[in-house]
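# Descriptive analysis of the structure
One letter stands for each residue in the lines below.
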Amino acid sequence: MQLADKIRACTLCAEHLPLAPKPIIQLDSEAPILIAGQAPGVRAHQAGKPFADASGDRLRQWLGVNEQQFYNPRLFAIAPMGFCYPGTAQHGDLAPREECAVTWREQVLAALPKRQLTLVLGQYAMAYHLPKRYKTLTAAVQDWHSYWPHTLVLPHPSPRNNRWFKRNPWFEQEILPHLQQRVTDLL
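Report follows, based on the coordinates.

About the cut-offs
Residues numbered from 1 in each chain as written. Predicted model: local features only at pLDDT ≥ 70, side-chain atom pairs only at ≥ 80, totals over all residues. Heavy atoms only, no water. Pairing = 2+ DSSP bridges. Helix = DSSP H or I, 4+ residues; strand = E, 2+ residues; numbered from the N terminus. Axes fitted to C-alpha atoms, helices over the stretch in contact; angles between N-to-C directions. Contact = heavy atoms within 4.5 Å. Core = buried A, V, L, I, M, F, W, Y, C linked by side-chain atoms within 4.5 Å. Buried < 20%, exposed > 50% of the residue type's maximum accessible area, 1.4 Å probe, protein only. 1 Å grid on protein atoms, 1.4 Å probe; cavity = no way out; pocket = protein on both sides within 12 Å on 5 of 7 lines; lining within 4 Å. Points joined across faces, edges and corners; volume = space filled by probe spheres on them. Nonpolar A, V, L, I, M, F, W, Y, C, P; charged D, E, K, R; others polar. Polar contact = N/O pair within 3.5 Å; in protein donor to acceptor, adjacent residues only side chain to side chain.

### Re the sheet that holds strand S1 (residues 33-36)
In space, the four strands of this open sheet follow the order S2-S1-S5-S6, with parallel pairing throughout. What marks the edges here is a single partner per strand, and that holds for strand S2 (76-78) and strand S6 (151-154). Going across the sheet, the axis of each strand differs from the next one's by a mean of 20°, ignoring polarity. Where strand S5 (residues 117-121) meets S6, four bridges bridge the pair, whose relative direction is parallel. By the bridge assignment for S6, Leu121 is matched with Leu154. Here helix H9 (residues 170-186) sits on the sheet and contacts S1, S2, S5 and S6; the angle it forms with S5, its principal contact strand, is near 140°.

### Digging into the nonpolar core
In terms of nonpolar packing, the biggest core is built from 55 residues, with Ile35, Leu63, Leu119, Phe171 and Leu179 touching the most fellow members. No other element matches H9, which puts seven residues into this core. Once residues lying within four places of it in the same chain are set aside, the contact partners of Phe171 are Trp62, Val141, Leu154, Pro155, Trp164, Phe165 and Leu176.

### Observations concerning empty space enclosed by the protein
Taken as a whole and assessed by the stated rule, the structure comprises one cavity of 30 Å³ or more. One number sums up the size of the largest cavity: a volume of about 120 Å³. When residues of the lining of the largest cavity are assigned to their parent elements, the largest contribution, three residues, is made by helix H5 (residues 98-110). Residue classes in the lining of the largest cavity are distributed as 10 nonpolar, two polar and two charged.

### Regarding the layout of surface pockets
Rolled over the atoms, a probe as big as a water molecule pinpoints where empty space is left. The space that makes up the largest pocket amounts to roughly 1300 Å³. Elements that contribute at least two residues to the lining of the largest pocket include exactly helix H2 (42-47), helix H3 (54-63), strand S4 (92-93) and helix H6 (123-129). When its residues are assigned to classes, the lining of the largest pocket shows 26 nonpolar, 13 polar and seven charged.

### Topic: the side chain of His129
Relative to the elements of secondary structure, His129 occurs in helix H6. Of note is the side chain of His129, whose polar atom sits 3.0 Å from the side chain of Arg105. Residues contacting His129, with those up to four places away along its chain left out, are Leu34, Ala36, Met81, Arg105, Leu109, Thr118 and Val120.

Read these as spatial facts, not as claims about activity.
Below is the structure:
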C-alpha cells in the first residue's frame, strides 16, 4: 500500500473530529512543489479534494496555474499539517490535530524526493517548516527572501483575509511575480 493510501485509510483521531475521518492528501514522488497548509476546510471535506473553494481559486491564480495542473499530483503535492477537517472555532476552523503531523509528516516529506519548493500556509505549517519563529504572519511573509527559492510563506488565500491583502498590496506586487515565475520554471 502506498503512503497516500495509508493516510487516506487513517482513523487515528476519529473520536475528536466533528465529521467522519476523510483524510485529504495529494501525493506523488515526482511532485516538485509541496503546498503545506493547515487542514482541509468543510468544503474540501465535502468535495474530497483540497482547496475546493474560493481559497483554491485564489491560490491557483497566485500560482498561475489552472485546475488541471493544480490537481495533478505529479506537479503539486498537497499535504496539510492535519489531513481531516478539524471543525470550527469562534473565528475560523480549529487547529489541525497534532497526531496527524506526528504520525505522518516525516513520511510525507521523505516521499517527495523531487520537491524543490514548499509553499507554507498558516501558523502550524510555519512552526513545522521554518527554523525561525515570527511574531506575525506578515513578518514571515515579508522575510520571504530568507528561504527563497526553496520555501515561501504565503498568507492563507481565504476571502476572510481580504482585509490583509488590502493592507499589504506589496504582497501581490512584489512576491507573486517571483512565485509565478518559479512555478512556471518548475513545471
